[in-house]
Amino acid sequence: MGFDFNGWDIHVGSPHPFNDRAPRIDNGTGRPDPKRYYDKDWMRSEWDRLWTRTWLLAAVESDLREPGDFVKFDILDESFVVVRDKNGSLRAHYNVCPHRGSQLVLSDFGSIDQFTCPFHSWQFALDGNNTKVTDAETFDPDVLCHGTNMTSVRCESAAGLVFVCMDPEAPSLTEYLGPLVEQLQLYDIGSMNVIHHKQSEWGANWKGGVDAFYELYHLHSVHPQTQAVMDDRTQIDLYPNGMSRQFVPFAQPSPRFPDQTTVNAGIKMMLADAGIDPESFSGTAQESRAAIQAAKRERAKKYELDYDKFSDTQLSDSTIYGVFPNVQIGCHPEAVFIHRFLPHPTNPEQFTYDNIIAFRHIDAPGYRAPAWMGLSDDVDTTGMIRPDVSRVPLGVPPELGEVLDQDSELLPIVQKGARSRGFRGPLWSYQEGRLRHFHVELDRYISGEK
């Protein structure tokens, strides 16, 4: 096997079954063709064989609490509307009127009693059934017999997340997600409110975005500031269907960092997140992680939060999940950071980086989303106001914080190199095991195996 990640015992605190390593999956040592990052024929194959056959994250369930609540979800040229109907069920429809093809919903989210076409005012119930054809008497009945209802699509939810799937033959969502369902359920994402939502255009293929976020190997080079507060030794777990998990140890320096004892400004920030006064903390940088775990458990007892279900690692660190094909979720008991890598409709060398922060409001002093998520002080964290989707065009700094902005600057450089005759495909290390796992699964779809 070569390098053994079991030598990196990254956990502190009490042993817990949540931290157990998944059985090893051997994804081989192949070197994939770099055309996947820029070729338009490859892009078309992805649409035909990947996007139309997999479950796609369309919304968080907290945006769909009441009957009539809806979210619009776009992927490449396709658009869907996900809605909670009058019976409380979640439904999804293609966002198109059967009359002349006009899109029915134009806003990102909202609440409505019915769908009304902006072109000729046809109307549809929330379940997609047609309720009004304007001037119906002017249509030959044989024309209307072709069908006047909206076209629905599969819609299922798990762990507070809502997915759509265009393939009627695909497995159920819970079967598709596998072990991730039970693990994500611990975070109760459905009770969290969206408090931040931004989309920015990046100059790279969407898979380049997935690649960058699926590993810590680049932190020391691209984000050297993280080395004072994050250990880039990690645990990687691979699951069926291209799913993955990775633990990111927080509040302790990387072994690459020269000062292993001083409680630096970044670690002080993480201590404050847990309700610890960083100025009175007498421990070292190596002791801060356990102190954060203990402090969060004490706070949970005081405010009757259900933290007994979490391992100590989950309290101090970020547990990140790869949801195939295009989602990563960084999980904390207080908040989750959802990344979606959305392909451009026509240009394989551009994608939309969509990021959502969902937070569970607790009326407790100092209780907040992890500071690393970069929320400004004026963000409403109560959940009373769902923020609009903020959009940043290509070439404009996304202003997502220092680390993410550095990624947005680097990825176009990587994208340009992917086209070079001197680049014959990636050479992945064990630290990049999630990337190989992702691409092997992708190839199964492109080849027609799945």
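Description of the structure in this document. Position labels on residues start from 1 in each chain and follow its written sequence. Thresholds applied to this predicted model are a pLDDT of at least 70 for local features of residues and 80 or more for the giving and counting of side-chain atom pairs; totals over whole chains, interfaces and linings are not thresholded and use all residues. With hydrogens and water set aside, each side-chain value is computed from the structure's full complement of heavy atoms.

Before going further, it helps to spend a moment on the sheet that holds strand β7 (residues 123–124). Either a parallel or an antiparallel arrangement is found when strands of a sheet pair, and the pairing is made through backbone hydrogen bonds. If you trace the 3 strands from one edge of the open sheet to the other, you get β6-β7-β8, paired in antiparallel fashion. Strands with a single pairing partner mark the edges of an open sheet, and in this sheet they are β6 (115–116) and β8 (130–132). Any two strands between which DSSP finds at least two bridges are classified as paired. In this text, helices come from DSSP runs of H or I with a minimum length of four residues, and strands from runs of E with a minimum of two, each type numbered from the N-terminal end.

Our next topic: the sheet that holds strand β10 (residues 161–165). Read from one edge to the other, the open sheet built from 7 strands follows the order β1-β10-β9-β4-β3-β2-β5, with strand pairing classed as antiparallel. Edge positions in the sheet fall to β1 (56–60) and β5 (109–111), since each has one partner strand and no second. This sheet shows a mean twist of 30° between the axes of neighbouring strands, independent of strand direction. Across 4 bridges, the pairing between β1 and β10 is antiparallel. Of the residues in β10, the one forming a bridge with Leu-56 is Val-164. Each axis is a line fitted through C-alpha atoms, taken for helices only over the stretch in contact, and angles between the N-to-C directions span 0 to 180 degrees.

Among the structural elements, Val-105 can be located in the loop between β4 (90–94) and β5. Separated by 34 residues in sequence, Val-105 and Val-71 have C-alpha atoms that sit 9.1 Å apart. Contacts: residue pairs with any heavy atoms within 4.5 Å of one another. Look past the residues within four positions of Val-105 in its chain and what remains in contact with it is Phe-70, Lys-72, Val-81, Asn-95 and Phe-115.

The terminal C-alpha atoms of helix α11 (residues 433–447) lie 21 Å apart, and with 15 residues this matches the ideal 21 Å at 1.5 Å per residue to within 8%. Of all 15 residues in α11, 11 are buried; the element is thus mostly enclosed. Inspection of α11 places Gly-433, Arg-434, Leu-435, Arg-436, His-437, Phe-438, His-439, Glu-441, Leu-442, Tyr-445 and Ile-446 among the buried residues, and these make up the whole buried set. Gly-448 sits one or two positions beyond α11 and adopts a positive phi of about 90°. The span you would expect from a helix comes to 1.5 Å times its residue count less one. Each residue is assigned to one of three classes by its accessible area relative to the maximum for its type, calculated with a 1.4 Å probe on protein chains only: buried under 20%, partly exposed between the two thresholds, exposed over 50%.

This paragraph deals with the nonpolar core. Side-chain atoms within 4.5 Å link the members of a nonpolar core, which is a set of buried Ala, Val, Leu, Ile, Met, Phe, Trp, Tyr and Cys residues. Grouped together as the largest cluster of nonpolar side chains are 94 residues, with contacts concentrated most on Leu-161, Val-164, Leu-177, Ile-338 and Tyr-353. What Val-164 contacts, discounting residues up to four positions off in sequence, is Thr-54, Trp-55, Leu-56, Ala-58, Phe-73, Phe-80, Val-82, Ala-92, Val-153 and Arg-154. Counting residues in each nonpolar core, the second largest holds 19 residues, with Phe-250, Val-263, Met-270 and Ala-274 among its members.

On to the side chain of Arg-360, then. Its location among the elements puts Arg-360 in the loop between β17 (351–359) and β18 (390–392). Summary of buried charges: Arg-360 has no salt-bridge partner, and the nearest side chain of opposite charge, Asp-188, is 4.1 Å away. A polar contact is formed between the side chain of Arg-360 and the backbone oxygen of Tyr-187, at a distance of 2.5 Å. Definition of a polar contact: a pair of N or O atoms within 3.5 Å, with one able to donate and the other able to accept a hydrogen when the atoms are protein atoms, and with sequence-neighbouring residues admitted only if both atoms are side-chain atoms. At a separation of 2.7 Å, a polar atom in the side chain of Arg-360 contacts the main-chain carbonyl oxygen of Pro-333. Residues scored as charged are limited to Lys and Arg (positive) and Asp and Glu (negative), so that His and the chain ends carry no count. For this document, the term salt bridge refers to a Lys or Arg side-chain nitrogen within 4 Å of an Asp or Glu carboxyl oxygen.

All right, on to helix α5 (residues 206–213) then. Where burial is concerned, most of α5 is hidden: 8 out of the 8 residues are buried. All of the buried residues along α5 are Trp-206, Lys-207, Gly-208, Gly-209, Val-210, Asp-211, Ala-212 and Phe-213.

Here we come to the pattern of salt bridges. Within this structure, the stated rule accounts for 24 salt bridges. The closest approach of N and O atoms between Arg-386 and Asp-63, which form a salt bridge, is 2.8 Å. On the criterion of sequence distance, the pair formed by Arg-386 in the loop between β17 and β18 and Asp-63 in the loop between β1 and β2 (69–75) is long-range, its members being 323 residues apart. With a shortest N-O distance of 3.5 Å, Glu-156 and Arg-154 are connected by a salt bridge.

Another aspect to go through is the environment of Leu-144. With respect to the secondary-structure elements, Leu-144 resides in helix α2 (residues 141–144). Its relative accessible area of 23% is what places Leu-144 among the partly exposed residues. Residues within four places of Leu-144 in sequence aside, it is in contact with Trp-122, Val-133, Ala-136 and Phe-139.

So, on to the packing of aromatic side chains. We call Phe, Tyr and Trp rings a pair once their centres come within 6.5 Å, taking the six-membered ring for Trp, and we label the pair stacked below 30 degrees between planes, edge-to-face above 60, and tilted otherwise. Applying the stated criterion across every chain yields a total of 21 aromatic pairs. Between Trp-202 and Phe-351, the ring centres sit 5.6 Å apart and the planes meet at 55°, which makes this aromatic pair tilted. Residue Trp-202 is found in strand β11 (residues 193–202), and its partner Phe-351 is found in strand β17; the two are separated by 149 residues along the sequence. By relative accessible area, Trp-202 is classed as buried at 2%. Both rings, one in Tyr-307 and one in Phe-310, keep their centres 5.5 Å apart while their planes meet at 80°; by these two values the pair is edge-to-face. Here Tyr-307 and Phe-310 have matching classes, each one buried. Just above the ring of Phe-109 sits the side chain of Arg-386; from NZ or CZ to the centre is 4.5 Å. Placement of a charge over a ring requires the Lys NZ or Arg CZ to be within 6 Å of the ring centre, with the centre-to-atom vector within 35 degrees of the ring normal. Across from the ring centre of Tyr-214, 4.0 Å away, lies the NZ or CZ of Arg-434, which sits over that ring.

The residue after Phe-324, namely Pro-325, is reached through a cis peptide bond having omega 10°. Even without glycine at this site, Glu-399 takes up a positive phi of about 55°. For Glu-399, the position within the fold is in the loop between β18 and α10 (402–418). Note on Glu-399: relative accessible area 63%, which makes it exposed.

On to the packing of helix α1 (residues 40–51) against α11. The packing of two helices is summarised by the inter-axis angle and the distance between the axes. Running from N to C, α1 and α11 cross one another at 85°; their axes reach a closest spacing of 8 Å. With respect to each other, α1 and α11 are oriented roughly perpendicular. In this structure, α1 uses Trp-42, Ser-45, Glu-46, Arg-49 and Leu-50 to contact α11, whose residues at the interface are Leu-442, Asp-443, Tyr-445 and Ile-446. Gly falls in the polar group here, along with every residue not listed as nonpolar (Ala, Val, Leu, Ile, Met, Phe, Trp, Tyr, Cys, Pro) or charged (Asp, Glu, Lys, Arg). Classifying every residue of the contact of α1 with α11 by side-chain character gives 5 nonpolar, 1 polar and 3 charged. Note on terminology: angles under 35 degrees are roughly parallel, angles over 145 are roughly antiparallel, angles of 65 to 115 are roughly perpendicular, and the others are oblique.

Taken together, the 2 bridges between β4 and strand β9 (residues 152–158) define a ladder with antiparallel strand orientation. Counted as the bridge partner of Ala-92 is Val-153 from β9. As paired elements, β9 and β10 share 5 bridges and run antiparallel to each other. What sits directly across from Ser-157, in β10, is Val-162. Hairpin connection from β9 to β10: 2 residues lie between these consecutive antiparallel strands, with Ala-159 at a positive phi of about 55°.

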